[in-house]
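The primary structure of each chain is shown beneath.
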Amino acid sequence: MSYEGRVGELRKRLSGAAGLGRPSGLTLLATAIAVSLVAPLGWLFVEVFDLGPRALALAVDPRTIEILLRSVALVAIVTAASVLVGVPIALLTARTDLPFARLFTVLGALPLAIPSYLGALSVLSAFGSGGILTGVLAPIGIEQIPEISGFAGAAIVLTLYTYPYVLLTTRASLLSLDTSLIEAARTLDAGRLEAFRRVTLPQIAPGIAAGALLVALYTLADFGTPNFMGVEVFTQAIYARYRSMMRPWAALLSVQLLGVTAAILYLESRTGADDEGAYQSRGASGGAVIELGNWRYVAALFPAIVAGLAVALPVIVFGLWLSSDAGGYTAGGMAFSWTYGWNSVYLALFAAGASLLVALPVAVAAARGRSRLANLADRLSYVGYATPGIVLAFALVLFTLQGLPSSLAKAADNLLVILVFAYVVRFVPQAIGAIRTSTMQVDRRLIEAARTLGRTRTGAFRAVTLPLIAPGIATGAALVFLTTMKELPATLLLRPFWFDHTLVTYIWRVREAGLYGRAAVPALVLIGISALSMAVILSQEGSNT
C-alpha cells in the first residue's frame, strides 16, 4: 500500500475511534441542548459572587450552620431507618416462604406512588392534636395518642415513603444472588447468621448502598414534608428566604445544598463503579429459601404494618375527609375545581412533549456510543435531575430576572415557558434513559440496509429507527407526565400569577389555610395517577418464588 493509502486508512480508523474525529451535527446539537439545561444554575453562583465578603460571613453564620447540620442529620437518620426497614422486607419477600410474598412486594413498593408531602398531611391529620385517630379511638377509652410532627415526624414520614428504594434495589440483588455460595457455606457448618454475614451481605451490599443513596438524595431534596412538619432544612430555608426577599442568602444556601448533593452523587458514582453491582447475575439463583415455620405469619406482620402506615393511612384519611366533615372538607371557602386538575394535565402534557424534543437527539447520540462528547452531553443532562427542585426553580427565577431582557422574560412568563423548562430540566433524563435503551436495541444492519436503498440518514431514522423506538418514546413521555403532575417546589415558585392553581399548588394553599379536608379530592387523584407509574415498574419484575 502506498504512503497516501496508509495515511488515508489511518485517518479512517481515527475518525471512527471513540472520542476522535469531527463530531457530527447530531452530537453538537445534543451537547448544545445539554449545556442549555444546566446553564441557568450558573446564576446561583453569580448571585453568591455578588455578595463579596458577605458570602463568607453568611456561610459561617450560626443559623446557616444549624440548617446544614439539621439537614445532614435528617438525611442520615432517614437513610439508616430506610435500610433497617427496606432490607428485612426484601429478605422476607425474596428469600423466605413468607405467605403472600408477591402481595407484600407490591404493598412494600407502593409508598413510592404517594408523594411524601401527602403522607405528611395524612400523618398530621391522624396523629396531630385532635386528629382523626383520636376521634376513632375515643369510644374505646383511648383519648390521647402521641403527636407526630417536627423533626421526628419528618424523619418518620420520609422513612415510610423512601424505604422502597432500598427494598427494590436490595430485592433485585437478592433475586440475582448466586445461592450456590450460600449452600457451600452451610455445608462448611456455617450457621444462617454467619452465612448471611460472610456470603449474602457482601453480595447484596451494592444494592443496599444504591438504594440508600437514592434515599439520601430524595431526603435532601424534599421540600413539602419538612415544610409541613415545621422543620427548617435547606429546602425550607431557601423558600423562606426567597419569600422574604433575602435572595443572596437563598442563593448561598442553594449553592451549599448543591455541594451536599454533589458529595452524595460522588458516593453514588463510587458505588456504581463496582462491576459486581446489585443487578449483576452471579450464577445459579433460586433455591436457598429460608423456611420460617410457624413464624411466617408473625413475620408477615412487619411488612403489613409498614404498608398500612404508608399506604392505607393516607387513603383512609383522605377518604374520611371526602365522606364527612373530618378535616373541614365543607368548611370555609377555596372550594376545589376540576380546572386545577386540567391545569396539571395541561402542564404535564406540555412538559412531556417538550422533553421528547429535547431527549431524542441526546439519547440517539449517546446510544451510538462513538463520541465522548455525546457521552458528556448524556451525563450533563442528568445534572438537573439530581438538582433539588427548589434550587432549580430559584436559579430560573434569577435567570429570568437578571439574564433575560424584560420583554423576553414577560413573553416567556405568559407562555409558561420558564415553568415548562424547569420540568424539562428536572425530568428529561427519564425520557433520555428510556429512549437510549430502546435505540441501543435497534439492529444497525437494518439502518445500513435502508441507507443502501437510497435513504438519507434522516430518512433511515424516520423509516427504521423511529418506529422501533416508539415504545421507549412512549414510556419516557409517560414517566415525565407522571412526575410533572406531582412536582411541588418548581410549580410553586414558577407558576405565573395569571395561571390558575394546579393540583399540587391547590393542596399547598389549602394546607396553609388549615383547610386540610379541601385537599381530599386532589390528593386521591394524585395518588391514583402516581400508582400508574408504579404499576409499570412492578409489571417488569417476574413473579416471586
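Got a sec to walk through the overall build of the chain? Specific residues and values, please.
Along the chain, the regular secondary structure elements total 27 helices and zero strands. Here the chain, with 545 residues, has 50% of them falling under the buried criterion. Long-range pairs, those at least 24 residues apart, make up 82% of the contacts in the chain between residues at least 6 apart in sequence. If you sum the accessible surface of the chain, you get close to 25300 Å²; carbon and sulfur atoms cover 65% of it.

So, the packing of helix α7 (residues 116-127) against helix α16 (residues 301-323): which residues are in play, and what are the values?
The contact between α7 and α16 brings their axes to 9 Å, and the two run at 70 degrees. On the basis of the axis angle, α7 is roughly perpendicular to α16. Crossing angle aside, the handedness with which α7 passes α16 is left-handed. Residues L118, L121, S122, V123, S125, A126 and F127 of α7 pack against L313, P314, V317, F318 and W321 of α16. Residue classes in the contact of α7 with α16 are distributed as 10 nonpolar, two polar and no charged.

So what's going on with the side chain of T170? Which residues, and what values?
Looking at the secondary structure, you find T170 in helix α9 (residues 150-175). Separated by 2.7 Å, the side chain of T170 and the backbone oxygen of V166 make a polar contact. The residues touching T170, leaving out its near neighbours within four places in the chain, are V87, A90, I204, G207 and I208.

Requested: an account of unusual backbone geometry, with residues and values cited.
Phi at F100 is positive, roughly 55 degrees, even though this residue is not glycine. Position of F100 relative to the elements: it lies in the loop between α5 (62-95) and α6 (101-109). For F100, a relative accessible area of 63% translates into the label exposed. Here the phi dihedral of M245 falls at roughly 60 degrees; this positive angle occurs in a residue that is not glycine. Structurally, the position occupied by M245 is in the loop between α13 (234-243) and α14 (247-272).

Give me the lowdown on helix α24 (residues 457-486), citing residues and values where you can.
The principal kink in α24, of about 50 degrees, is found at L466, preceding the proline P467 by one to four residues. In this structure T456 caps α24, since a side-chain oxygen of it lies 3.0 Å from the backbone nitrogen of G459.

Please provide a residue-by-residue account of empty space enclosed by the protein, values included.
Taken as a whole and judged by the stated rule, the model has two cavities of 30 Å³ or more. Computed from the structure, the largest cavity encloses a volume of approximately 50 Å³. Taken together, S344, L347, A348, Y423, T484, M485, E487, T491, T502 and V504 make up the lining of the largest cavity. The biggest single contributor to the lining of the largest cavity is helix α17 (residues 338-368), with three residues.

Explain the packing of α5 against α9 to me, using residue names and the numbers behind them.
Two elements in contact, α5 and α9, have axes separated by 5 Å at closest approach and are oriented at 45 degrees. The angle between the axes of α5 and α9 places the two elements in the oblique class. For α5 against α9, the interelement crossing comes out right-handed. Residues belonging to the contact of α5 with α9 are distributed by class as follows: 21 nonpolar, six polar and three charged.

Mind laying out the pattern of salt bridges, listing which residues take part and the relevant values?
The full count for this structure, using the stated rule, is six salt bridges. Across the pair E232 and R241 runs a salt bridge whose closest N-O atoms are separated by 3.2 Å. Where salt bridges share partners, they join R63, E232 and R241 into one cluster.

Could you give an account of the nonpolar core, with specific residues and numbers?
In terms of nonpolar packing, the biggest core is built from 143 residues, with L44, L118, M229, W321, L493, L494 and L526 touching the most fellow members. Core analysis: the second largest hydrophobic core is formed by five residues, L92, L98, A299 and A300 among them.

Give a detailed account of the packing of aromatic side chains, specifying residues and quantitative values.
Applying the stated criterion across every chain yields a total of 16 aromatic pairs. Ring centres of F223 and W508 lie 5.3 Å apart, and the angle between their planes is 20 degrees; this geometry places the pair in the stacked category. Of the two residues, F223 sits in the loop between α11 (192-221) and α12 (224-229) while W508 sits in helix α26 (residues 503-512), which places them 285 residues apart along the sequence. Comparing F223 with W508, the two get one shared label, buried. Three or more aromatic residues joined by ring pairs form one cluster here, namely Y117, F223, F228, Y239 and W508. Across the ring face of W508, the terminal group of R511 is positioned such that the distance to the ring centre comes to 5.1 Å.

The rules behind the values
- Along each chain, numbering runs from 1 in the same order as the chain's sequence is written.
- The predicted nature of this model means local features are confined to residues of pLDDT at least 70 and side-chain atom pairs, given and counted, to a pLDDT of 80 or more, with totals for whole chains, interfaces and linings taken over all residues.
- With hydrogens and water stripped out, all remaining heavy atoms of the structure feed into the side-chain values.
- Secondary structure is summarised from DSSP: a helix means a run of H or I of at least four residues, a strand means a run of E of at least two, and numbering begins at the N terminus for each.
- Relative accessible area decides the class of each residue, using a 1.4 Å probe on protein chains only: under 20% of the type maximum gives buried, over 50% gives exposed, and in between gives partly exposed.
- Any two residues whose heavy atoms approach within 4.5 Å are treated as being in contact.
- Accessible areas in this description were obtained via Shrake-Rupley with a 1.4 Å probe; residue shielding takes into account the shown protein chains only.
- Angles run from 0 to 180 degrees between N-to-C directions of axes, and those axes are lines fitted to C-alpha atoms, restricted for helices to the stretch in contact.
- To sort the angles, those under 35 degrees are grouped as roughly parallel, those over 145 as roughly antiparallel, those from 65 to 115 as roughly perpendicular, and the leftovers as oblique.
- Helix crossings fall into two classes, left-handed where the near helix is turned counterclockwise from the far one by less than a right angle and right-handed where it is turned clockwise.
- Note that Gly is not counted as nonpolar here; it falls among the polar residues with everything else outside the nonpolar set of Ala, Val, Leu, Ile, Met, Phe, Trp, Tyr, Cys and Pro and the charged set of Asp, Glu, Lys and Arg.
- N or O atoms within 3.5 Å of each other form a polar contact, as long as, within protein, one can give a hydrogen and the other can take it, and as long as residues adjacent in sequence are counted only when both atoms are side-chain atoms.
- The bend reported for a residue corresponds to the angle between axes fitted to the seven residues ending at that residue and the seven starting there.
- A 1.4 Å probe that fits but cannot get out identifies a cavity on a 1 Å grid over protein atoms alone, an open set with protein on both sides within 12 Å along at least five of seven lines counts as a pocket, and a residue lines either if it has an atom within 4 Å of a point.
- Grid points are joined across faces, edges and corners, and a volume is the space filled by probe spheres set on the points.
- Between Lys or Arg on one side and Asp or Glu on the other, a salt bridge is scored when a side-chain nitrogen of the former is within 4 Å of a carboxyl oxygen of the latter.
- The nonpolar core is taken to be a set of buried Ala, Val, Leu, Ile, Met, Phe, Trp, Tyr and Cys residues, with the residues joined through side-chain atoms within 4.5 Å.
- Any pair of Phe, Tyr and Trp rings, taking the six-membered ring for Trp, is counted once the centres come within 6.5 Å. Such a pair is stacked with planes under 30 degrees apart, edge-to-face with planes over 60 apart, and tilted for the rest.
- A ring has a charge above it when a Lys NZ or an Arg CZ is no more than 6 Å from the ring centre and no more than 35 degrees off the ring normal.

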